[in-house]
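Listed below are the residues making up each chain.
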Amino acid sequence: MRVISTLGAFLSAMAVTGAASAADPSVNGTILLGQVAPFSGPSVKLAEEYNLGARTYFQALNERGGVNGLRVELRTRDDRYDPAETARQAKALIEQDGVFALFGTVGTGTTLAAVPVATAAGVPLFAPSTGAEALRTPLNRQVFHVRAGYGAEADYIAEQLSTSSLRNVAVLHQSDAFGKAALEAVTHALTQRGLKTVALAAIERDATDVSEIGKKLAAGHPQAVILAASYTSSAAVIKTMKKQGFAGQFVATSYAGSKALADELGGEGSGVWISEVVPFPWGEGSALQREYGQALQRAGVPSRSFESMEGYLAAKVFTEGLRRAGREPTRARLIAALESIQGWDAGGVRISYSPTDHGGSHRVEMTMIGPGGKFVH
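Anyway, here's the lowdown on the structure attached to this text. (Residues numbered from 1 in each chain as written. Predicted model: local features only at pLDDT ≥ 70, side-chain atom pairs only at ≥ 80, totals over all residues. Heavy atoms only, no water.)

Looking at the overall build of the chain
Along the chain, the regular secondary structure elements total twelve helices and 15 strands. Over its C-alpha atoms the chain spans a radius of gyration of 20 Å, differing by no more than 12% from the 21 Å that the globule rule assigns to 377 residues. Overall, the C-alpha framework of the chain stretches about 60 × 45 × 35 Å when taken along its three principal axes. Classification of the 377 residues of the chain by burial places 59% in the buried group. (Helix = DSSP H or I, 4+ residues; strand = E, 2+ residues; numbered from the N terminus. Rg over C-alpha atoms; globule rule 2.2 N^0.38 Å. Buried < 20%, exposed > 50% of the residue type's maximum accessible area, 1.4 Å probe, protein only.)

As structure tokens, then:
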């Protein structure tokens, strides 16, 4: 994809010129991570669930004595999903709190705002919850991903639609950096599979007055509607189009947040597909799934979600990089250690980095909301 290519080039240059501009903070037995995410506002569920999964992993890690004798602490700041606030809070975490690395930003525009701050200070930014290509190409040596990119997600959605003979597709996309990145990925994937885009509609983030948008999407007589929007807007469009008589297939991207979307839809969610970039949280088939479930149970967490699984996996991968960085880690050693992870098995998910690729995982699968809001895999 070619989304925000000039910004991508700028970020890459910043990674080269700024990587050594800030001294490493004193570790003193604890690695301090900083998470800037929307801990208030409509996207709060996404941030809270991601943070919950990461904290659950780090809690269990610390109870076992940490990694190389070091504890890991995760400190948070709220950006309200406002990119300008993301930049301010990221800078505060680096300059005031002295974090070793940034971890788990949520959103495309917000992460794009955090990256120049991190790279100028030479601070790694690990596992942002976004699949935007502008954050992956060209390579920024400070930024490491865990989840698959939107290109891989869109390709998988297109494959599933094609396999199901759903060839006429409408696309809803959010009017922001995420929506633009997702739209380009989806359009390319549909074209590659020979599927036809019969209607397009843009929507403001978290909009709920969607009657006209529903009519615009239905006007092309699609067999399926791809939803690249927040869970609030996606749920509103699904409910509205069903009331207007649409009986086709809805497919949401992982960005919507599966648990949040299912909660928002209530009894009207049955049959909605959602592409996922982490293993099924309720499964027991892999070591990661079993480990995650047991960790949540020990921590007294009553419910599982794809978002907390993402946070848990991200924390586990980060810890492997920290383990390889040795007993006296620096940011440079952490980056080199992460780049040495190639084909590492996190318990059913293979993670790979290198000096030329910080993509992490390309895993995508599909789930469906079943009766009662429960997920079917």
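Focus on the sheet that holds strand E8 (residues 224-228)
Strand order in the open sheet formed by seven strands is E7-E6-E8-E9-E10-E14-E15, and the pairing between neighbours is mixed. Each end of this open sheet is capped by a strand with a single partner; those strands are strand E7 (196-203) and strand E15 (375-376). The pairing of strand E10 (residues 273-276) with strand E14 (residues 365-369) spans four bridges and is classified as antiparallel. Bridge pairing links Trp-273 to Met-368 in E14. (Pairing = 2+ DSSP bridges.)

Some thoughts on the environment of Gln-223
Structurally, the position occupied by Gln-223 is in the loop between helix H7 (211-218) and E8. The sequence separation of Gln-223 and Ala-170 amounts to 53 residues, and the corresponding C-alpha distance is 8.0 Å. Contact partners of Gln-223, with chain neighbours within four places excluded, come to Ser-165, Leu-166, Arg-167, Asn-168, Phe-246, Gly-248 and Gln-249. (Contact = heavy atoms within 4.5 Å.)

Examining helix H11 (residues 306-325)
Over its 20 residues, H11 extends 29 Å from the first C-alpha to the last, a length consistent with the 28 Å expected when each residue adds 1.5 Å. For H11, a buried count of 18 out of 20 residues is recorded, marking the element as mostly surrounded by other parts of the structure. One or two residues past the end of H11 sits Gly-326, with phi positive at roughly 90°. (Expected span 1.5 Å × (residues − 1).)

Structural notes on the pattern of salt bridges
Considering all chains together, one arrives at 17 salt bridges under this definition. As a salt-bridge pair, Arg-75 and Asp-97 come within 3.9 Å of each other at their nearest N and O atoms. Note that Arg-75 is positioned in strand E2 (residues 71-78) and Asp-97 in the loop between helix H3 (83-95) and strand E3 (101-103), a separation of 22 residues in sequence. Given the relative accessible area of 32%, Arg-75 is considered partly exposed. A single network of salt bridges, built from pairs that share partners, joins Glu-73, Arg-75, Arg-77 and Asp-97. (Salt bridge = Lys/Arg side-chain N within 4 Å of Asp/Glu carboxyl O.)

A short note on the packing of helix H10 (residues 287-298) against H11
Axis separation between H10 and H11 bottoms out at 11 Å; the angle between their running directions is 105°. Between H10 and H11, the angle is such that the two are roughly perpendicular. Residue-level contacts link Leu-288, Gln-289, Glu-291, Tyr-292, Ala-295 and Leu-296 of H10 to Ser-308, Met-309, Tyr-312, Leu-313 and Lys-316 of H11. Residues belonging to the contact of H10 with H11 are distributed by class as follows: seven nonpolar, two polar and two charged. (Axes fitted to C-alpha atoms, helices over the stretch in contact; angles between N-to-C directions. Parallel < 35°, antiparallel > 145°, perpendicular 65-115°, else oblique. Nonpolar A, V, L, I, M, F, W, Y, C, P; charged D, E, K, R; others polar.)

Some remarks on the sheet that holds strand E4 (residues 125-126)
The strands that make up a sheet are held in pairs by hydrogen bonds between backbone atoms, and each pair lies either parallel or antiparallel. The five strands lie next to each other as E2-E1-E3-E4-E5, forming an open sheet whose pairing is parallel. The outermost strands of the open sheet, each flanked by one partner alone, are E2 and strand E5 (143-144). Note that E4 and E5 share two bridges and pair parallel. Bridge assignment links Phe-126 to a residue of E5, and that residue is Phe-144. Along the sheet face, helix H2 (residues 44-63) touches strand E1 (30-37), E2 and E3 and points at about 160° away from the line of E2.

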